[in-house]
Amino acid sequence: MGFLEEIERRRTFGIVSHPDAGKTTLTEKLLLFGGAIQEAGAVKSNKIKKSATSDFMEIEKQRGISVATSVMGFEYRQKKINILDTPGHKDFAEDTFRTLTAVDSAIVVIDNAKGVETQTEKLVEVCQMRATPMLVFVNKMDRDGKDGFDLLDELEQKLGMKVCPLSWPIGMGPDFQGVYSLYEKKLVLFSPHGKQADDDIVEITDINSDLLEKNIGERAAESLREDLEMLTEVYPELNLEDYRTGKVNPVFFGSAINNFGVRELLDCFVDIAPNPRPRETEERTIDPTEEKFTGFVFKIHANIDPRHRDRIAFVRVCSGKFLRNTNYLHVRQERKLKFSNPTSFMASKKSVLEEAFPGDIVGLYDSGNFVIGDTLTEGEVLHFKGIPSFSPEQFRLIINTDPMKSKQLNKGLTQLMDEGVAQLFTKEMDGHKIIGTVGALQFEVIQYRLKHEYGASCAYDMVSLHKACWVSCEDRDALAAFRKRRNRDMAVDTQGRLVFLAESAWVLKTVQENFPDVQFHFTSEFN
Ligand code: G4P
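Worth saying up front: this structure is predicted, and the values here are computed from it rather than measured.

Asker: Help me understand the overall build of the protein in this model?
Answerer: Of regular secondary structure, the protein possesses 14 helices and 31 strands. Out of the 527 residues belonging to the protein, those deemed buried represent 55%. In the protein, the proportion of contacts linking residues at least 24 apart, taken out of those at least 6 apart, comes to 72%. If you sum the accessible surface of the protein, you get close to 23200 Å²; carbon and sulfur atoms cover 48% of it.

Quick look at the structure:
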């Protein structure tokens, strides 16, 4: 198969949802269709249960599971599909944001009873920021939930989507009879527990045909016809370009646990979802069809066995062909590296790969060379955009409780920060180290991992901070004046960038007013 065909057949995407909407269940059913797993239950839920805040074994287990399910690749209808797993727990939201930088599209799962939930809002916002194409799967139709039209309204109002329903439910809960696929013009009849047979599918191109009555009864047929009439009046027909540029979001209804509506979703997905798209770097746009390899690190996973300190850096191939045992430029370190055991992921199986194409994810064993956002190329100096750190919201001052182990503590902290577990700010005035995170769980993870993997121990002191913002200013004198005046609030991040630690929203507002030439940024990427 030629290089261009390989790119054309790749579909790299992520499934996002609020916890419990059915992401794990849907992932599993998709893998079953792809033959990547043989039985239900093979994909372990990667969520940390609510009670696990202090259950570290649960966190460790979670890390073990999530390395195995980080990328799940499989083949379906001659397409190579890569599902990138995203943690559902809100404290790991930043991990999810970063993983979404490596996808070409997303599937959003919604619980039909709960509708749009908080985590869904945040994740969809991240996708919209990057114009990532999204399909919506409304799940759990076998249970009573909200009315279909109300759900569509909610998607439009709460998520700012413009929806385009491609399947429509016939009843719900105990009265759920199936869906009418507007995409394939067929009726798909529901039989619980995934025992869908060929005669459950009835081609009905003309919805006035009496086949409808024969299959779902008079009342349901009548109401389906009314619904469909309303749908065609209110919602647009699918326009591929609008979907692929993130302007329109096709919606499907089904029940993942019953394996219902999943095949329709997958079949449409492989037809319409985009293959690898061009990506922006600070220097220029990279087209996937370019001959030379480029890629970036979007995730780093530490080995859960502390005796083997190596980590896996996950690289998204953006252009060209990645080859094993070939020298590539590590742009930040300005040196060549080659990889003898690059890994590919096919569901939970790992194997050494010889080559990888745009859209693929390559796992590289790393002994500490990579940080998130690093670029690999064949020699060109490039920096991929869109992998920012977000301004953290929770802060703790680190106290070394075992001064004999300072070296271990520093090493551990550096490596955990490279992995993107949290952000570390060093205060300019006194060298104090402050950890900033998006969620509180990370503080416990850090303490636990420092002890178990690095033999270092630390305690935390509360610091009352509102936000950490990256600072920039074109006028050097104005910047110097600002730094001098706010000396005790200045810090640097692990990459030496200047950060202002704002005590309160009021302080932040005041400095913004008093120093109009200085810019305050809420993500680390502001060029
Ligand atoms: P998540 O990854 O998004 O967090 O959700 P997950 O797939 O783990 O699903 C959350 C719960 O919803 C699970 O039940 C799952 O069985 C159930 N579920 C998923 N899809 C459907 C569906 O189509 N219909 C119905 N009725 N339920 C569905 P649980 O009780 O939390 O876990 P389990 O004991 O079943 O594993």
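Asker: It is not clear to me how the site of the ligand should be interpreted in this structure. Could you clarify?
Answerer: Close to the ligand lie 17 residues; D20, K23, T24, T25 and S255 are nearest. Between S255 and the ligand, the recorded distance is 2.7 Å, taken from a side-chain N or O atom to an oxygen atom. Within the backbone of A256, an N or O atom sits 3.1 Å from an oxygen atom of the ligand. Burial of the ligand by the protein chains amounts to 67% of its free accessible area of 710 Å².

Asker: Mind showing me how you'd approach the sheet that holds strand 30 (residues 498–502) here?
Answerer: Paired through their backbone hydrogen bonds, the strands of a sheet run either parallel or antiparallel. One open sheet accounts for eight strands, arranged 27-24-26-25-29-30-28-31; its pairing is antiparallel. Every other strand in the sheet has two partners, leaving strand 27 (458–462) and strand 31 (519–521) as the edge strands with one partner each. Averaged over all adjacent pairs, the angle separating strand axes in this sheet is 40°, with direction ignored. As judged from the four bridges shared by strand 24 (residues 394–400) and strand 26 (residues 433–437), these two strands associate in the antiparallel manner. Bridged to R396 within strand 26 is I435. Of the strands in this sheet, strand 28 (467–472), strand 29 (490–492), strand 30 and strand 31 touch helix 13 (residues 476–485), which is tilted by about 45° from strand 30. The strands touched by helix 14 (residues 505–514) are strand 28, strand 30 and strand 31; relative to strand 30, the strand with the most contacts, the crossing angle is about 130°.

Asker: Looking at this structure, how should I read helix 11 (residues 406–418)?
Answerer: Three or four residues apart is the spacing at which side chains of an α-helix point the same way, because the helix has 3.6 residues per turn. For helix 11, spanning 13 residues, the distance from its first C-alpha to its last is 18 Å, which sits close to the expected 18 Å at 1.5 Å a residue. By the burial criterion, the buried members of helix 11 are L409, G412, L413, Q415, L416, M417 and D418. The first or second residue beyond helix 11 is G420, which carries a positive phi of 85°.

Asker: In this structure, what is going on with the sheet that holds strand 5 (residues 134–139)? I would like to understand it.
Answerer: Pairing in this open sheet of seven strands is mixed, and the strands run 2-3-1-4-5-11-6 from one edge to the other. Among the strands making up the open sheet, the edge pair consists of strand 2 (71–76) and strand 6 (163–165). The mean inter-strand angle of the sheet, taken between neighbouring strand axes irrespective of direction, is 25°. As paired elements, strand 5 and strand 11 (residues 249–253) share three bridges and run parallel to each other. Paired with V136 across the strands is V251, a residue of strand 11.

Asker: Is there a simple way to think about the nonpolar core in this case?
Answerer: Across soluble globular proteins, nonpolar side chains show a tendency to be buried alongside one another. Core analysis: the largest hydrophobic core is formed by 79 residues, its most contacted members being L155 and F322. Counting residues per element, this core draws most heavily on strand 15 (residues 311–319), which supplies six residues. Both of domain 1 (3–176 + 237–272) and domain 2 (279–377) provide at least three residues apiece to this core. Residue contacts for L155: discarding those within four places in its chain leaves I110, V116, V136, G160, M161, V163 and V251.

How each quantity is defined
The numbering scheme is per chain: residues are counted from 1 as the chain's sequence reads. Selection of residues for local features in this predicted model requires a pLDDT of at least 70, selection of side-chain atom pairs for listing and counting requires 80 or more, and totals for whole chains, interfaces and linings are taken over all residues. Note that water and hydrogens are dropped before the side-chain values are worked out from all heavy atoms of the structure. Numbering of helices and strands runs from the N terminus; a helix is a DSSP stretch of H or I covering at least four residues, while a strand is a stretch of E covering at least two. Partly exposed residues are those whose accessible area sits between 20% and 50% of the maximum for their type, while under 20% is buried and over 50% is exposed, using a 1.4 Å probe and protein chains only. When checking whether two residues touch, look at their non-hydrogen atoms; a contact exists if any pair is within 4.5 Å. Using a 1.4 Å probe, the Shrake-Rupley method yields the accessible areas, and only the shown protein chains count as cover for residues. Only a single heavy atom is needed: when it lies within 4 Å of a molecule or strand, its residue is near that molecule or strand. Polar contacts, as used here, are pairs of N or O atoms within 3.5 Å; protein pairs need one atom able to donate a hydrogen and one able to accept it. Residues neighboring in sequence count only if both atoms are side-chain atoms. Two strands qualify as a pair provided DSSP detects at least 2 bridges between them. The angle between two axes is taken between their N-to-C directions and runs from 0 to 180 degrees, where each axis is a line fitted to C-alpha atoms and a helix contributes only its stretch in contact. A helix is expected to span 1.5 Å multiplied by its residue count minus one. As used in this record, nonpolar core signifies buried Ala, Val, Leu, Ile, Met, Phe, Trp, Tyr and Cys residues forming a set joined through side-chain atoms within 4.5 Å. Residue ranges for the domains trace back to a domain assignment, done automatically or taken from a database.

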